[in-house]
Amino acid sequence: MSKPKVIVTIAPTGGMAYKSQNPHLPTQPDEIARDVYDCYNAGASVVAIHARRPGDDGATCNPAIYRDINRRIRDKCDIVINNSTGGGVHGDMIGQQADNGYWEILWEERLKGMDAGAEMCTLDATTIIASFGGKELLMHTSPERSKHLAIEMKKRGIKPEWEVFSPTHIVQDLATLTAAGFDDEPFFVNLVLGVHRGFQNAMPYTPRVLQSMVDLLPKGSIFCVSGIGPAQLPSAMNSLLLGGHVRVGLEDNLYYEHGVPATNQQLTERVVRLVREMGYEPATPTEAREIMGLPRNREVLPEFAVR
């Protein structure tokens, strides 16, 4: 009998940390592409990409920067490319409202993440308050905004990766939009746990919390888990035990062990080794596409989809 296949996602950069926190963090297109290729060779089959501005490493969804990253990666390998429409908590992604002075993660900037030819994009059907840099940042994704993201991704042939931070995001936003036909089975859901001290409405990681969220997923869902900080490794193993997939990378966790800065390659190699020790086999990019239902629409293929 063949071993069960597990999708390993590498999230190399994110839209929050800076190199001052970990000098190994890749922020520019050549650095990101190099790390992604190393992680691909180590067993990763999906990459979750955030872009950064040149000069100051501020977060951005600038499609030209995304496209540069995507092209550099695709020239090296066939890993599944997933661009963020969440963006980040600094740089181009935030702005202060003139009428009330409140800071927001800007909706119009988030939309740009869909315009760089990725075969997948994150769909944060969530409204949260992110506390970062002394600011409270509203990430306002109302039901109509969530619907708009889903419609625009479908037009472009993009498969959503649904980002959920709490049970309400599952039973309200995810369940409503998938039931309405805005995605096709399987629904690929990323359960983000352990960021509750920085994101209002998020949940801590415990095995019981993860089990409860998995139990709420709509029929036809498959899932991976983003465990933040020290939750990364135990939540990945817990995900395997519940039939899910795994995700690692410096976006979610800057350390290999207490006090020791990690590299993306180290985090990938470790989780791949443990996946195999648990009796599974990392999926190839071709197998990952089969598991997730890619391409979504052969008549509307994004630029960086694999033909």
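Everything in this summary refers to the structure shown in the same document. All values reported here derive from a predicted model rather than from experimental measurement.

**What to know about the environment of Glu-287**
On the secondary structure map, Glu-287 appears in helix α9 (residues 285-292). Residue class for Glu-287 comes out partly exposed when judged on its relative accessible area of 21%. Each C-alpha atom of the pair Glu-287 and Gln-97 lies 45 Å from the other, and the pair is 190 residues apart in sequence.

**Quick notes on the packing of helix α7 (residues 232-241) against helix α8 (residues 264-277)**
At a minimum axis separation of 11 Å, α7 and α8 run at an interaxial angle of 30°. The element α7 and its partner α8 pack so that their crossing is right-handed. Every residue of α8 that contacts α7 at Gln-232, Leu-233, Ala-236, Met-237 and Leu-240 is listed here: Leu-267, Arg-270, Val-271, Leu-274 and Val-275. The residue makeup of the contact of α7 with α8, split by class, is 8 nonpolar, 1 polar and 1 charged.

**Overview of the packing of helix α1 (residues 29-42) against α8**
Where α1 contacts α8, the two axes come as close as 9 Å, and the packing angle between them is 15°. Classed by the angle they form, the pair α1 and α8 counts as roughly parallel. At the point where α1 passes α8, the crossing takes the right-handed sense. Seen from α1, the contacting residues are Asp-35, Asp-38, Cys-39 and Ala-42; seen from α8, they are Asn-264, Gln-265, Thr-268, Glu-269 and Val-272. For the contact of α1 with α8, the class distribution of residues is 3 nonpolar, 3 polar and 3 charged.

**A look at helix α4 (residues 143-156)**
In this model, α4 (14 residues) spans 20 Å end to end at C-alpha, consistent with the 20 Å of a helix rising 1.5 Å per residue. Listed as buried for α4 are Ser-146, Leu-149, Ala-150, Glu-152 and Met-153. Angular distribution of buried residues about the axis of α4 spans 165°; they occupy a single face of the element. Across α4 from its buried face, at more than 90 degrees, point the exposed residues Pro-143, Glu-144 and Lys-155. In the core, the buried residues of α4 are packed alongside α3 (107-111), β9 (120-123), β12 (159-164) and α5 (167-179). Remark: Gly-157 follows α4 within two positions and exhibits a positive phi of approximately 75°.

Reading the values: the criteria
Residues numbered from 1 in each chain as written. Predicted model: local features only at pLDDT ≥ 70, side-chain atom pairs only at ≥ 80, totals over all residues. Heavy atoms only, no water. Helix = DSSP H or I, 4+ residues; strand = E, 2+ residues; numbered from the N terminus. Buried < 20%, exposed > 50% of the residue type's maximum accessible area, 1.4 Å probe, protein only. Axes fitted to C-alpha atoms, helices over the stretch in contact; angles between N-to-C directions. Left-handed = near helix turned anticlockwise from the far one by under 90°. Contact = heavy atoms within 4.5 Å. Nonpolar A, V, L, I, M, F, W, Y, C, P; charged D, E, K, R; others polar. Parallel < 35°, antiparallel > 145°, perpendicular 65-115°, else oblique. Expected span 1.5 Å × (residues − 1). Arc of directions from axis to C-beta.

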